[in-house]
Amino acid sequence: QVKDLCLNVLQRHMATFEPIKELCNKRGRKLRDVDAFRHNLNQLQKKRGQANLIRVREAREKLITATHVYDAMNNDLISSLAHYAAHRQTMLNGLMVDLLAAQ
């Protein structure tokens, strides 16, 4: 029974970090998008031709948009991590109280 109580407390504590984990995963996907757009732009810039100039412009705009989305998401993640870092003592104190109460 003590084991179950301790596991429940630890699972609740780990659940508080789920939004951060989701943000990290989403940021990783956005970074892959930025890399794909950058690669596409580089490939288009190697080719010549008038029709290709339009594609290059469009690819550059997509890259800029994807970069802005990634930067915004990265800044959100940094501020979230700063919030968790600022409140880590309170969170750990609560965790320890809950674990000791489970015993």
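Our structure's up above, just so we're on the same page.
Values in this document were obtained by computation on a predicted structure and should not be read as measured data. (Residues numbered from 1 in each chain as written. Predicted model: local features only at pLDDT ≥ 70, side-chain atom pairs only at ≥ 80, totals over all residues. Heavy atoms only, no water.)

> Can you lay out the packing of helix α1 (residues 2-15) against helix α4 (residues 88-102) for me, pointing to particular residues and giving the numbers?
The N-to-C vectors of α1 and α4 enclose an angle of 165°; their axes lie 9 Å apart at closest approach. One way to sum up the angle between α1 and α4 is to call them roughly antiparallel. At the point where α1 passes α4, the crossing takes the right-handed sense. Residues Val-2, Leu-5, Cys-6, Val-9, Leu-10, Arg-12 and His-13 of α1 touch α4, and the partners they reach there are Met-91, Leu-95, Asp-98, Leu-99 and Ala-102. (Axes fitted to C-alpha atoms, helices over the stretch in contact; angles between N-to-C directions. Helix = DSSP H or I, 4+ residues; strand = E, 2+ residues; numbered from the N terminus. Parallel < 35°, antiparallel > 145°, perpendicular 65-115°, else oblique. Left-handed = near helix turned anticlockwise from the far one by under 90°. Contact = heavy atoms within 4.5 Å.)

> Can you break down the nonpolar core residue by residue, with the values?
Core analysis: the largest hydrophobic core is formed by eight residues, namely Val-34, Leu-41, Leu-44, Val-56, Ala-59, Leu-63, Ala-66 and Tyr-70. Going through the elements one at a time, α2 (18-46) and α3 (50-86) are the ones with two or more residues in this core. Looking at this core, the element that brings in the most residues is α3, giving five residues. Leave out the neighbours within four places in its chain, and Leu-63 touches Val-34, Phe-37, Arg-38 and Leu-41. Cys-6, Val-9, Leu-95 and Leu-99 belong to the second-largest nonpolar core, a separate cluster that totals five residues. (Core = buried A, V, L, I, M, F, W, Y, C linked by side-chain atoms within 4.5 Å. Buried < 20%, exposed > 50% of the residue type's maximum accessible area, 1.4 Å probe, protein only.)

> How would you summarise the packing of α2 against α3 if you had to cite specific residues and measurements?
Across the interface, α2 lies against α3 with an axial gap of 8 Å and an inter-helix angle of 160°. With respect to α3, the element α2 is oriented roughly antiparallel. As for how α2 packs across α3, the hand of that crossing is left-handed. Among the residues making up the contact of α2 with α3, the classes are represented as 18 nonpolar, six polar and seven charged. (Nonpolar A, V, L, I, M, F, W, Y, C, P; charged D, E, K, R; others polar.)

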